[in-house]
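Structural overview for review
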Amino acid sequence: MNRPSPHDVAVVDQAITSRRSIRAFLPTPVEREVVEQILAVAARAPSGTNTQPWKVHVLTGDAKQRLSEAITAVYDDPVQLQEHTEEYAYYPRKWADPYLARRRKIGWDLYGLLGIGRADKERMHAQHGRNYLFFDAPVGMIFTIDRILEQGSWLDYGMFLQNVMIAARGRGLDSCPQAAFMQFHRLISQELQIPDGEMVVCGMALGFADNDKVENRLVTEREPVQGFARFIA
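Turning next to the overall build of the protein. On a plain count of helices and strands, the protein comes out with nine helices and four strands. Overall, the protein shows an N-to-C arrangement of helices and strands of α-α-β-α-α-α-α-β-α-β-α-β-α. Radius of gyration (C-alpha) of the protein: 19 Å, near the 17 Å computed for a compact globule of 233 residues. By principal-axis analysis of the C-alpha atoms, the protein measures approximately 60 × 40 × 40 Å. The buried share of the protein, reckoned over its 233 residues, is 38%. Roughly 14,500 Å² of accessible area belongs to the protein as shown, and the carbon and sulfur atoms make up 52% of that amount.

Take a look at the structure:
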């Protein structure tokens, strides 16, 4: 294989570093062929013994709207909301720094851009609820995994999800991975007729970013390499 040119390196790096979690999308449609191309590229992610644990439910149009309406109705009803809990723990049960500090910073940075104060619980609720509209993206995806698979397959799944988002950037599209859907796994499984043997992993919004929306100005910080890597000779 020939050594990549500086241009080749820059193109790949740009696709990775330009990926952001977009929270407001344009209504511009995304062709099914493009989504299929993205998923085909993403499926080249590595997986232990080539198990390929990913399963994707792609939603557009009426199907996406029906799911959004079903979840939103429950999310906005405090009584029904109490009946829905996550099937697996995405976040730690006991927070500690530096993770807690990072979590708080991104939350208040986003709310600061939107002008949402710490006491404004109603607007916080509404902003979080936009997850279930896929932030108005034309394409929503729900990812599931076979329940017989173990932790290693979840590592593989993360690489697949990253590939989806990077392949999308290569085509001028943006995305937002969404753990928020996990709370409503029973409702999602019912609406999408997902077999009992599959577990909801997360959702994802896909489309063209609305760059006029203030929430899309959010830029998250990253720890420098010396903060998380050790070089041992």
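Moving on from the model shown.
So, about a nonpolar patch on the surface. Side chains of Val225, Phe228 and Phe231 sit close together on the surface and give an oily, nonpolar patch of about 390 Å² of accessible area. Using a relative accessible area of 44% as the deciding quantity, one classes valine 225 as partly exposed.

A few words on the environment of threonine 144. Along the chain, the position of threonine 144 falls in strand S2 (residues 139-146). Considered as a pair, threonine 144 and alanine 40 are 104 residues apart in the sequence and their alpha carbons are 17 Å apart. Aside from chain neighbours lying at most four places away, what touches threonine 144 is Pro53, Trp54, Lys55, His57, Tyr157, Ile194, Glu198, Met199, Val200 and Val201. Side-chain polar atoms of threonine 144 contact the side chain of histidine 57, separated by 3.0 Å.

By the element assignment, aspartate 212 lies in the loop between strand S4 (198-207) and helix H9 (225-228). Aspartate 212 sits 43 residues away from arginine 169 along the chain, and the two C-alpha atoms are 19 Å apart.

Tracing the sequence through the fold places serine 68 in helix H3 (residues 61-75). A polar atom in the side chain of serine 68 sits 2.6 Å from the backbone oxygen of tyrosine 132. Contact partners of serine 68, with chain neighbours within four places excluded, come to Tyr132, Leu133 and Phe134.

Bringing unusual backbone geometry into the picture now. Omega for the peptide link from aspartate 97 to proline 98 comes to 10 degrees, which places this bond in the cis form. With respect to the element layout, proline 98 can be found in the loop between helix H4 (78-81) and helix H5 (99-114). For threonine 49, which is not a glycine, the phi torsion comes out positive at approximately 50 degrees. Look at threonine 49 and you get exposed, because its relative accessible area is 76%. For glutamine 52, which is not glycine, the phi torsion reads 50 degrees and is therefore positive. When you line up the elements, glutamine 52 lands in the loop between helix H2 (32-42) and strand S1 (55-59). When its relative accessible area of 39% is taken as the criterion, glutamine 52 is described as partly exposed.

What counts and how
Residues numbered from 1 in each chain as written. Predicted model: local features only at pLDDT ≥ 70, side-chain atom pairs only at ≥ 80, totals over all residues. Heavy atoms only, no water. Helix = DSSP H or I, 4+ residues; strand = E, 2+ residues; numbered from the N terminus. Rg over C-alpha atoms; globule rule 2.2 N^0.38 Å. Buried < 20%, exposed > 50% of the residue type's maximum accessible area, 1.4 Å probe, protein only. Areas by Shrake-Rupley, 256 points an atom, 1.4 Å probe, with all protein chains shown as cover. Patch = residues over 30% accessible without salt bridge, like charges linked within 9 Å, V, L, I, M, F, W, Y side chains within 5 Å. Salt bridge = Lys/Arg side-chain N within 4 Å of Asp/Glu carboxyl O. Contact = heavy atoms within 4.5 Å. Polar contact = N/O pair within 3.5 Å; in protein donor to acceptor, adjacent residues only side chain to side chain.

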